[in-house]
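Below are the chains, spelled out letter by letter.
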Amino acid sequence: MASEPYAPRRAERLLAAVAGTDWDCQSRAVVWALGGWLNWDTWAAWPSYASVQAASGLSRRTVADRFDRLAERGYLTIEPRPGRTSTITVNIASIEQAARPANPCTPRTGTGAPVAPVDSDTR
């Protein structure tokens, strides 16, 4: 299959991008669970809420809420298909942009990484 070499790299790309954001754990779980159905060439998937619910361990209401929030912020695009499950497209470039700090020299808050104080006497 032609797309096989891309799947592991693109899965790693999705995992790294989501891990680099400051999203709540439920939003992360929903997007990571969505990765189980993604077409890695198009970044689109067609899972039901029940499928994502089972994969993420979250309630259906939470899954639906997180999909809506992520779509409002531009991280997902949801296209309804009457009589079928919606097409959900991951906007990977938007997620990667959210994962980057505005100033690369400034550590992200909440990372737990200690920041050593600058002491001019210790040079």
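The preceding data block contains the structure.
Two numbers describe how helix H3 (residues 49-56) lies on helix H4 (residues 60-72): the axes approach to 9 Å, and their chain directions differ by 105°. It follows from the interaxial angle that H3 and H4 lie roughly perpendicular. Between H3, through Tyr49, Val52, Gln53 and Ser56, and H4, the contact on the second element is made entirely by Arg60, Val63, Ala64 and Phe67. Taken together, the residues of the contact of H3 with H4 break down into five nonpolar, two polar and one charged.

Looking now at the pairing of strand S2 (residues 76-81). Relative to strand S3 (residues 84-90), S2 runs antiparallel, the two sharing five bridges. Within S3, the residue paired with isoleucine 78 across the bridge is isoleucine 88. Adjacent in sequence and paired antiparallel, S2 and S3 are bridged by two residues, among which glycine 83 carries a positive phi angle near 80°.

Before going further, it helps to spend a moment on the nonpolar core. The biggest cluster of nonpolar side chains holds 23 residues, and the ones touching the most others in it are Leu14, Phe67, Val90 and Ile95. For this core, the elements supplying multiple residues, two or more each, are helix H1 (6-19), helix H2 (25-34), H4, S3 and helix H5 (92-99). Sorting elements by how many residues they give to this core places H2 first, with four residues. Sequence-distant contacts of phenylalanine 67, that is, excluding residues within four places in its chain, are made with Val30, Leu34, Tyr49, Val52, Leu76, Ile78 and Ile88.

Conventions adopted
Residues numbered from 1 in each chain as written. Predicted model: local features only at pLDDT ≥ 70, side-chain atom pairs only at ≥ 80, totals over all residues. Heavy atoms only, no water. Axes fitted to C-alpha atoms, helices over the stretch in contact; angles between N-to-C directions. Helix = DSSP H or I, 4+ residues; strand = E, 2+ residues; numbered from the N terminus. Parallel < 35°, antiparallel > 145°, perpendicular 65-115°, else oblique. Contact = heavy atoms within 4.5 Å. Nonpolar A, V, L, I, M, F, W, Y, C, P; charged D, E, K, R; others polar. Pairing = 2+ DSSP bridges. Core = buried A, V, L, I, M, F, W, Y, C linked by side-chain atoms within 4.5 Å. Buried < 20%, exposed > 50% of the residue type's maximum accessible area, 1.4 Å probe, protein only.

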